[in-house]
Amino acid sequence: MRKTYDREFKLKISQDLLEKKVTTKRIAEEYNISRPTISRWVSEYRRYGKNAFAGKGKRLPDKADFYILEQENKRLTEENEILKKFDTFVKQKK
């Protein structure tokens, strides 16, 4: 089973690393967390600050808008393909 960490823990680790209170190596060894995972946390914290680590399926603000647009684009592309097939069908019937 995959290990998960709560938001407060990630915030604390990220803040401590950015304030140079602790090293990535020490955190990785102490909590048995991979360095890439820790780096990803710090990166997200740098980018979003206190809004980082929304978790539980919630998307970060900029990614939520992108996701909505991506889904709308997918739906419209499928709709367009259906209309093209219908147009071809109607032309064949004439």
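The model shown is predicted, which means the values in this text are computed figures rather than measured ones.

Caption draft 1: Highlighting the packing of helix 1 (residues 7-18) against helix 2 (residues 24-31). Close contact between helix 1 and helix 2 brings their axes to 10 Å; oriented N to C, the two are set at 150°. With respect to their mutual orientation, helix 1 and helix 2 come out roughly antiparallel. Where helix 1 abuts helix 2, its residues Phe9, Ile13 and Leu17 lie against Thr24, Ile27 and Tyr31. Here the residues of the contact of helix 1 with helix 2 are counted per class, giving 5 nonpolar, 1 polar and no charged.

Caption draft 2: Spatial organisation of the side chain of aspartate 16. Within the secondary structure, aspartate 16 sits in helix 1. Overall, aspartate 16 belongs to the buried group, its relative accessible area being 13%. For aspartate 16, the contacting residues outside a window of four places in its chain are Lys21 and Val22.

Caption draft 3: Fine view of helix 3 (residues 35-48). Between its first and last C-alpha atoms helix 3 spans 20 Å; for 14 residues at 1.5 Å apiece the expected length is 20 Å, and the two agree. Looking at helix 3, one finds that the buried residues are Thr37, Ile38, Trp41, Val42, Glu44, Tyr45 and Tyr48. One face of helix 3 carries all of its buried residues, which in axial projection span an arc of 160°. What points out from helix 3, more than 90 degrees from its buried face, is the exposed set Pro36, Arg40, Arg46 and Arg47.

Caption draft 4: Geometry of the nonpolar core. Grouped together as the largest cluster of nonpolar side chains are 15 residues, with contacts concentrated most on Ile13, Leu17, Ile27, Ile38, Trp41 and Phe53. Of all the secondary-structure elements, those providing two or more residues to this core are helix 1, helix 2 and helix 3. Of all the elements, helix 3 adds the most residues to this core, at 5 residues. Once you skip the residues sitting within four places of it in the chain, isoleucine 27 turns out to touch Ile13, Leu17, Val22, Asn32 and Ile38.

Rules of the game
- Residues numbered from 1 in each chain as written.
- Predicted model: local features only at pLDDT ≥ 70, side-chain atom pairs only at ≥ 80, totals over all residues.
- Heavy atoms only, no water.
- Axes fitted to C-alpha atoms, helices over the stretch in contact; angles between N-to-C directions.
- Helix = DSSP H or I, 4+ residues; strand = E, 2+ residues; numbered from the N terminus.
- Parallel < 35°, antiparallel > 145°, perpendicular 65-115°, else oblique.
- Contact = heavy atoms within 4.5 Å.
- Nonpolar A, V, L, I, M, F, W, Y, C, P; charged D, E, K, R; others polar.
- Buried < 20%, exposed > 50% of the residue type's maximum accessible area, 1.4 Å probe, protein only.
- Expected span 1.5 Å × (residues − 1).
- Arc of directions from axis to C-beta.
- Core = buried A, V, L, I, M, F, W, Y, C linked by side-chain atoms within 4.5 Å.

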